[in-house]
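Reading the structure
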Amino acid sequence: MKPRRLNRKMYSLLPLAFLLIALLPFGVEGVIIAMLAALGVFWYLPGMLNLVLVGVFLIHKNVDPLYSLIVFSLAFLVPITGKLDRERAPLGDYLTVSSIVLLSVPTYFLIKAISALLGGFDVTILATVLLAVVYFFAKSIST
């Protein structure tokens, strides 16, 4: 009997590897969280639940906001690209998702610059509007 070959792409292992590297400075706890994120490659729900765990972990450790954004973005990419792997999506879908997630870093700097000029609540509203614009932009590209 021949061994069955996986008939799917494994692009989701790339953000998982970067997530592991990003969580290595936290020691054993970071490695455990990265290994739990590996479940998101195969199942969507545990991957999304891991996002909650990553968020709580980053808040508990009081990590720098930019580093937290990068770690959370990588943790978000793992289940999303895993889902794309399972659906055998074309490479363009991976590039769209990755570019949208990478837009979170310049958006962070934009919001940080605006927050120096405006109050906290106004910046929160502006961030929400920017996220909605990015979401609708992504939906228009993917359809």
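Summary of the structure given here. (Residues numbered from 1 in each chain as written. Predicted model: local features only at pLDDT ≥ 70, side-chain atom pairs only at ≥ 80, totals over all residues. Heavy atoms only, no water.)

1. A word on the pattern of salt bridges
- Across all of its chains, the model carries two salt bridges by this definition.
- One salt bridge in this structure joins Glu29 and Lys61, with 2.8 Å as the shortest N-O distance. With a gap of 32 residues between them, Glu29 in helix α2 (residues 28-37) and Lys61 in helix α4 (residues 44-61) connect regions that are remote in the sequence.
- Under the relative-accessibility criterion, Glu29 is labelled partly exposed at 40%.
- Glu87 is the salt-bridge partner of Lys83, the closest N and O atoms lying 2.8 Å from each other. (Salt bridge = Lys/Arg side-chain N within 4 Å of Asp/Glu carboxyl O. Helix = DSSP H or I, 4+ residues; strand = E, 2+ residues; numbered from the N terminus. Buried < 20%, exposed > 50% of the residue type's maximum accessible area, 1.4 Å probe, protein only.)

2. Remarks on unusual backbone geometry
- A positive phi angle, close to 55°, is found at Asn62, a residue other than glycine.
- Note that Asn62 resides in the loop between α4 and α5 (65-86).
- Within the chain, Arg88 stands out as a residue other than glycine whose phi angle is a positive 55°.
- Within the secondary structure, Arg88 is located in the loop between α5 and α6 (91-102).

3. Some details on the packing of α5 against helix α7 (residues 104-115)
- Contact geometry of α5 with α7 gives a least axis separation of 10 Å together with a crossing angle of 155°. Viewed along their axes, α5 and α7 adopt a mutual orientation that is roughly antiparallel. In this structure, the crossing between α5 and α7 has a hand that is right-handed. In this structure, α5 contributes Pro65, Leu66, Leu69, Ile70 and Ser73 to the contact, and α7 contributes Ser104, Val105, Tyr108 and Phe109.
- Of the residues belonging to the contact of α5 with α7, the class tally is seven nonpolar, two polar and no charged. (Axes fitted to C-alpha atoms, helices over the stretch in contact; angles between N-to-C directions. Parallel < 35°, antiparallel > 145°, perpendicular 65-115°, else oblique. Left-handed = near helix turned anticlockwise from the far one by under 90°. Contact = heavy atoms within 4.5 Å. Nonpolar A, V, L, I, M, F, W, Y, C, P; charged D, E, K, R; others polar.)

4. Description of α4
- For α4, which comprises 18 residues, the first-to-last C-alpha distance of 26 Å matches the rise-based estimate of 26 Å (1.5 Å per residue) to within 8%.
- Along α4, the positions that sit buried rather than exposed are Gly47, Asn50, Leu51, Val54, Gly55, Phe57 and Leu58. Along the axis of α4, the buried positions cluster into a sector of 165°, meaning they face one direction only. With respect to the buried face of α4, the exposed residues turned more than 90 degrees away are Leu45, Leu49, Val52, Val56, Ile59 and His60.
- Each element contacted by the buried residues of α4 is listed here: α1 (13-23), α2, α3 (39-42) and α5.
- One or two residues past the end of α4 sits Asn62, with phi positive at roughly 55°. (Expected span 1.5 Å × (residues − 1). Arc of directions from axis to C-beta.)

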